[in-house]
Amino acid sequence: MSDSLVLTLLLAVTFTLAGTVKGVTGMGLPTVAMALLGTLMSPSIAAALLVIPSLVTNVWQLLRGPHLHTVVQRLWPMMLAIMVSTLAGAALLTKVDARWSGFALGGVLVAYVLHGLLAPALQVPGWVERRFSPAVGVVTGIVTGATGVSVIPVVPWLQSLDMEREVLVQAFGLSFTVSTFALAMGLWMQGAFALSTLGLSTLSVLPALAGMWLGQKIRARISPRRFRQCLLMFLLLLGLQLLLRPVLSSWG
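Please read all numbers here as calculations on a predicted model, not as lab measurements. (Residues numbered from 1 in each chain as written. Predicted model: local features only at pLDDT ≥ 70, side-chain atom pairs only at ≥ 80, totals over all residues. Heavy atoms only, no water.)

A few points about helix H3 (residues 43-64)
Consideration 1: With 22 residues, H3 should cover 32 Å at 1.5 Å per step; its first-to-last C-alpha distance of 30 Å lies within 8% of that length.
Consideration 2: At Val51, H3 shows its largest bend, some 40°, and a proline, Pro53, comes one to four positions later. (Helix = DSSP H or I, 4+ residues; strand = E, 2+ residues; numbered from the N terminus. Expected span 1.5 Å × (residues − 1). Bend = angle between axes of the 7 residues up to and from the residue.)

Here it is in structure tokens:
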């Protein structure tokens, strides 16, 4: 079996699985895809492959509801901070040794899982949101630029704000869209977003959308809470593997 066919099958399976997770939970496509691809290739290449599927699915999520004006008006300072810091942080993803950028990705995944399993539900008052949202955006952008994953700390932060469920879903869509666009620009500026990668990334949209459709079907049949618990344990195992890779390779 040729290497190109193996890569195509790998991408199809990865993005179908990641799309399924997003279809069930409303998030997680970049996290799952980066976690899986990050075990097999450098995070900068994995992030470049993720750009088009992530943009398509997140723009769809952003535009699907009626609250776009509300979330943009409320979150634009944080989105601006995410954009600028992601552009700056993308240099880390392309220039740092792949083992250590993978290590950083593993740390982000483990932190995300621990937050999901252990952190109590918090509610941020309005004055705290206005004062600290830009700082959350800066940290999110740096983490996104360095690892290709945009869940920490923006996801727990948005979950702590006083938003209705449908507004929160569109807020996630806005945040992930801005992060993905900024990451794509940052990778392009660093010369890590080749036309060949763009083609593979575009082809990956189909399995991602198929996975989202499948996830929506699954969501109607199982408990989202149970599925989320399984997802968190899966990401924990992948995150630990990425964290241990530099140690294991040094022993070898």
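Next, the rest of the story.
With respect to the packing of aromatic side chains
Consideration 1: This structure, assessed with the given rule, holds one aromatic pair.
Consideration 2: On the numbers, 5.9 Å between centres and 10° between planes, the contact of Phe172 with Phe176 is stacked. Residue Phe172 and its partner Phe176 are located together in helix H8 (residues 165-189), separated by four residues, close to a single helical turn.
Consideration 3: Take Phe176: its relative accessible area is 3%, and that puts it in the buried class. (Phe/Tyr/Trp six-rings, centres within 6.5 Å; stacked < 30°, edge-to-face > 60°. Buried < 20%, exposed > 50% of the residue type's maximum accessible area, 1.4 Å probe, protein only.)

So, a nonpolar patch on the surface
Consideration 1: Among the surface-exposed residues, Val59, Leu63, Leu68, Val72, Trp76, Leu80 and Val84 lie close enough to one another that they form a single nonpolar patch of about 610 Å² accessible area.
Consideration 2: Elements supplying a minimum of two residues to the nonpolar patch: H3 and helix H4 (68-95).
Consideration 3: Looking at the secondary structure, you find Val59 in helix H3.
Consideration 4: What makes Val59 partly exposed here is its relative accessible area of 30%. (Patch = residues over 30% accessible without salt bridge, like charges linked within 9 Å, V, L, I, M, F, W, Y side chains within 5 Å. Areas by Shrake-Rupley, 256 points an atom, 1.4 Å probe, with all protein chains shown as cover. Salt bridge = Lys/Arg side-chain N within 4 Å of Asp/Glu carboxyl O.)

Topic: the packing of H3 against H4
Consideration 1: Contact geometry for H3 and H4: axes closest at 15 Å, N-to-C directions at 175°. When the axes of H3 and H4 are compared, the pair comes out roughly antiparallel. For the pair formed by H3 and H4, the contact residues are Pro43, Ser44, Ala47, Leu62 and Leu63 on the first element and Leu68, Leu93 and Thr94 on the second.
Consideration 2: In the contact of H3 with H4, the residues fall into six nonpolar, two polar and no charged. (Axes fitted to C-alpha atoms, helices over the stretch in contact; angles between N-to-C directions. Parallel < 35°, antiparallel > 145°, perpendicular 65-115°, else oblique. Contact = heavy atoms within 4.5 Å. Nonpolar A, V, L, I, M, F, W, Y, C, P; charged D, E, K, R; others polar.)

Focus: the side chain of Asn58
Consideration 1: Relative to the helices and strands, Asn58 resides in helix H3.
Consideration 2: Exposure remark for Asn58: the relative accessible area of 0% places this residue in the buried category.
Consideration 3: Once residues within four sequence positions are removed from consideration, Asn58 is found in contact with Lys22, Gly173, Phe176, Thr177 and Thr180.

Notes on helix H10 (residues 205-219)
Consideration 1: The terminal C-alpha atoms of H10, which comprises 15 residues, lie 21 Å apart, in line with the 21 Å expected from a rise of 1.5 Å per residue.
Consideration 2: What H10 keeps buried is the set Val205, Pro207, Ala208, Gly211, Met212 and Gly215. Looking straight down H10, one finds that the buried residues subtend no more than 160° of arc, so they occupy a single side. Residues of H10 that are exposed and point more than 90 degrees away from the buried face comprise Leu206 and Trp213. (Arc of directions from axis to C-beta.)

Quick notes on the packing of H4 against H8
Consideration 1: At a minimum axis distance of 8 Å, the contact between H4 and H8 shows a crossing angle of 30°. Between H4 and H8, the angle falls in the class roughly parallel. The element H4 and its partner H8 pack so that their crossing is right-handed. (Left-handed = near helix turned anticlockwise from the far one by under 90°.)

Notes on the side chain of Thr180
Consideration 1: Topologically, Thr180 is positioned in helix H8.
Consideration 2: Look at Thr180 and you get buried, because its relative accessible area is 9%.
Consideration 3: The residues contacting Thr180, other than those within four sequence positions of it, are Val51, Ser54, Leu55 and Asn58.

Comments concerning the pattern of salt bridges
Consideration 1: In this structure the tally under the stated criterion is one salt bridge.
Consideration 2: Note that Glu129 and Arg74 form a salt bridge whose closest N and O atoms lie 2.8 Å from each other. In this pair, Glu129 is assigned in helix H6 (residues 126-147) and Arg74 in helix H4, connecting sequence segments 55 residues apart.
Consideration 3: Residue Glu129 is classed as buried on the basis of its relative accessible area, which comes to 8%.
Consideration 4: A relative accessible area of 33% places Arg74 in the partly exposed class.

Don't take any of this as a statement about function, it's just geometry.
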